[in-house]
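Here's the letter readout for the chains.
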Amino acid sequence: MSDTSAATPVPTPGTSTRQPAAARGAAHDSAFLRACRREAVPHTPVWFMRQAGRSLPEYLKVREGVAMLDSCMRPDLVKEITLQPVRRHGVDAAIYFSDIVVPLKAIGLDLDIKPGVGPVVADPIRTRADLERLRPLEPDDVRYITEAVGLLVDELGATPLIGFAGAPFTLASYLVEGGPSKNHERTKAMMYGEPGLWADLLDRLADITAAFLKVQIEAGASAVQLFDSWVGALAPRDYRASVMPASRKVFDAVAGYGVPRIHFGVGTGELLGLMGEAGADVVGVDWRVPLDEAHRRVGPGKALQGNLDPAVLFAPESAVRAKADEVLAAAGALGGTGHVFNLGHGVLPTTDPDALTRLVAYVHEATAR
Ligand code: 1CP
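1. Topic: the overall build of the chain
- Within the chain, the secondary structure is distributed over 17 helices and 9 strands.
- What you see for the chain is a C-alpha radius of gyration of 19 Å, in line with the 21 Å of a compact globule of 369 residues.
- Along the first, second and third principal axes, the C-alpha atoms of the chain reach 55 × 45 × 45 Å.
- The proportion of buried residues among the 369 residues of the chain is 56%.
- Looking at the chain alone, contacts between residues at least 24 apart form 74% of all its contacts between residues at least 6 apart.
- Carbon together with sulfur atoms contributes 53% to the accessible area of the chain, which is approximately 14,600 Å² in total.
- Between the averaged position of the 38 positive side-chain charges in the chain and that of its 44 negative side-chain charges there is a distance of 2 Å.

Printed below as a string of structure tokens:
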């Protein structure tokens, strides 16, 4: 069900009166948004998950002495870090610099992002009483995001800005486990053992996630991506019964804005059809399933994003080009549009940034029409 009130966003008092839809207008005809809408494109658009951050020396420099979560709350830094890969690589879209745990921090949870580890939660969410700590997210909790998105949209002009959030399952995994997890034991124990509590947890996270995406869209983001990075740990039956309702709630909540909604996870070959069904306009595919097969699994009417193996960037340039050609050839199954070139997961931290720049130029050149 779509939230119809979402169609007429009300500017937050005290912020710019610029209409977000108008701000987005400059990017409307960009190759990226056209591909998401499956319209004809001048070339296949390219961006990279985790294009900002770790792999860039200029990122490491501006982050010196600033903790990860603190950097997410400083609009000046967010703007600079988001723009760095756009300037350097000439990618077709910017991804807003933040993290999937930012909305959880914003509602007051005691969590941190530990260098070399990832998000760590001081008191994990494991009981019904713990749910009370997951209060709704209000736009005022994340004013710095409204401000930073506004700064970015002004600066980016015709380059679209992608907003993002973590999906309920992936957020729940961090909250229940207390940090990164390989097997998601406690998360699955709750899902199978206390289905009522699990459903309520995911429902609260869906509301928080939807509110977080709305803030970014209302401030001017041109597209949104829902990262369900770890949902590939589930079988389709469990995904459909225990996760899809919450992810669908998020997609439905932002449907009224008309911005493309991208849905991404890792190891999700068996879930691709369901991830499309959850409400995505664009389905992100990791490197394990070729895009022609992914197209068959997702079905018509949806664009695909992906899917070069991030490790390929460590091979010589001729090999990178050959593997990029394979991705582009498989994307041919989509019929000439509806493909956003990306990696099958985030840029690995030790990737040579020049290899990324060369890849962008190569994809543009190879697909110029
Ligand atoms: O100090 C640092 O530089 C810490 C590294 C780092 C960075 C640069 C973290 C910690 N988060 C981020 C930024 C970030 N996180 C972005 C914006 C940058 C960009 O994409 O260009 C985005 C989109 C995310 C999203 C994110 N955070 C995801 C989903 C994406 C994915 O790769 O699957 C996940 C799972 C997280 C959690 C997280 N945050 C940071 C780390 C190291 C992790 C993963 C830890 C784990 O393995 O569980």
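Having seen the structure, we can now continue with the description.
2. With respect to the sheet that holds strand E6 (residues 261-264)
- Strand order in the open sheet formed by 7 strands is E1-E4-E5-E6-E7-E8-E9, with parallel pairing between adjacent strands. Taken across any chain shown, the strands that pair with only one partner, and hence form the sheet edges, are strand E1 (94-95) and strand E9 (339-343).
- For strand E4 (residues 161-166) and strand E5 (residues 223-227), the ladder comprises 5 bridges, and the chain directions are parallel. Residue pairing in the sheet places Ala165 in a bridge with Leu226 of E5.
- Of the strands in this sheet, E4 and E5 are in contact with helix H11 (residues 195-219), which crosses E4 at around 170°.

3. Regarding the packing of H11 against helix H13 (residues 244-254)
- The contact between H11 and H13 brings their axes to 9 Å, and the two run at 25°. By the criterion of interaxial angle, the relationship of H11 to H13 is roughly parallel. Two packed elements cross with a definite hand, and for H11 against H13 that hand is right-handed. Here H11 contributes Leu202, Asp203, Ala206, Asp207, Thr209, Ala210, Leu213, Lys214 and Ile217 to the contact with H13, which in turn contributes Ala246, Lys249, Val250, Ala253 and Val254.
- In the contact of H11 with H13, the residues fall into 9 nonpolar, 1 polar and 4 charged.

4. A word on the packing of aromatic side chains
- Summed over the entire model, instances satisfying the criterion amount to 4 aromatic pairs.
- Centre to centre, the rings of Phe164 and Phe227 are 5.4 Å apart; their planes meet at 90°, and the pair counts as edge-to-face. Within this pair, whereas Phe164 is found in strand E4, its partner Phe227 is found in strand E5, the two being separated by 63 residues in sequence.
- Overall, the relative accessible area of 6% leaves Phe164 in the buried class.

5. Observations concerning the pairing of E4
- Taken across its 6 residues, E4 has 6 buried, putting it largely inside the fold.
- In E4, alternate side chains face the same way, and those of Leu161, Gly163 and Ala165 on one face and Ile162, Phe164 and Gly166 on the other are all buried.
- Where E1 meets E4, 2 bridges bridge the pair, whose relative direction is parallel. Note that in E4 the partner of Ile95 across the bridge is Ile162.

6. Some points on the site of the ligand
- In the vicinity of the ligand there are 23 residues, among which Tyr59, Asp99, Tyr174, Ser229 and His345 approach most closely.
- At 3.1 Å from an oxygen atom of the ligand is found a main-chain nitrogen or oxygen belonging to Gln51.
- Between the ligand and Ala52, the relevant distance is 2.7 Å, taken from an oxygen atom to a main-chain nitrogen or oxygen of the residue.
- Taken together, the elements giving at least two residues each to the shell around the ligand come down to helix H3 (57-63) and strand E3 (118-121).
- For the shell around the ligand, a count of residues per class yields 14 nonpolar, 5 polar and 4 charged.

7. Focus on the environment of Ile125
- As for its placement among the helices and strands, Ile125 is situated in the loop between E3 and helix H7 (128-131).
- The spatial distance from the C-alpha of Ile125 to the C-alpha of Gln225 is 25 Å, given a sequence separation of 100 residues.
- The residues touching Ile125, leaving out its near neighbours within four places in the chain, are Asp130, Leu131, Arg133, Leu134, Leu175, Val176, Met190 and Leu201.

8. Some details on helix H8 (residues 143-156)
- When the terminal C-alpha atoms of H8 are compared, their 20 Å separation across 14 residues agrees well with the 20 Å that a helix rising 1.5 Å per residue should span.
- Taken together, the buried positions of H8 are Tyr144, Ile145, Thr146, Ala148, Val149, Gly150, Leu152, Val153 and Leu156.
- Looking at the residues trailing H8, positive phi occurs at Gly157, about 60°.

9. Some details on the confidence of the model for the chain
- Confidence along the chain averages 94 in pLDDT terms, with 94% of residues attaining 70 or more.
- For the stretch residues 1-18, pLDDT sits under 50, and the model shows 24 contacts to residues farther than four places along the chain or on other chains.

10. Brief notes about the pairing of strand E2 (residues 111-114)
- Alternating residues of E2 divide into Leu111 and Ile113, all buried, and Asp112 and Lys114, none buried.
- Sheet topology note: the E2/E3 ladder contains 4 bridges and is antiparallel. Residue Ile113 lies in a different strand from E3, and its bridge partner there is Pro119.
- The antiparallel hairpin formed by E2 and E3 contains 3 residues in its connecting segment, where Gly116 sits at a positive phi of about 80°.

11. Quick word on the pattern of salt bridges
- Tallied over the entire structure, the rule returns 24 salt bridges.
- A salt bridge links Glu293 to Arg296, with the nearest nitrogen and oxygen atoms 2.8 Å apart. In this pair, Glu293 and Arg296 both sit in helix H15 (residues 291-298), 3 residues apart, roughly one turn of the helix.
- A single salt-bridge network, built from bridges that share partners, covers Asp29, Arg34, Arg37 and Glu39.

The rules we used
Residues numbered from 1 in each chain as written. Predicted model: local features only at pLDDT ≥ 70, side-chain atom pairs only at ≥ 80, totals over all residues. Heavy atoms only, no water. Helix = DSSP H or I, 4+ residues; strand = E, 2+ residues; numbered from the N terminus. Rg over C-alpha atoms; globule rule 2.2 N^0.38 Å. Buried < 20%, exposed > 50% of the residue type's maximum accessible area, 1.4 Å probe, protein only. Contact = heavy atoms within 4.5 Å. Areas by Shrake-Rupley, 256 points an atom, 1.4 Å probe, with all protein chains shown as cover. Lys, Arg positive; Asp, Glu negative; His and termini not counted. Charge placed at Lys NZ, Arg CZ, Asp CG, Glu CD. Pairing = 2+ DSSP bridges. Axes fitted to C-alpha atoms, helices over the stretch in contact; angles between N-to-C directions. Parallel < 35°, antiparallel > 145°, perpendicular 65-115°, else oblique. Left-handed = near helix turned anticlockwise from the far one by under 90°. Nonpolar A, V, L, I, M, F, W, Y, C, P; charged D, E, K, R; others polar. Phe/Tyr/Trp six-rings, centres within 6.5 Å; stacked < 30°, edge-to-face > 60°. Near = heavy atom within 4 Å. Polar contact = N/O pair within 3.5 Å; in protein donor to acceptor, adjacent residues only side chain to side chain. Expected span 1.5 Å × (residues − 1). pLDDT = per-residue confidence, 0-100. Salt bridge = Lys/Arg side-chain N within 4 Å of Asp/Glu carboxyl O.

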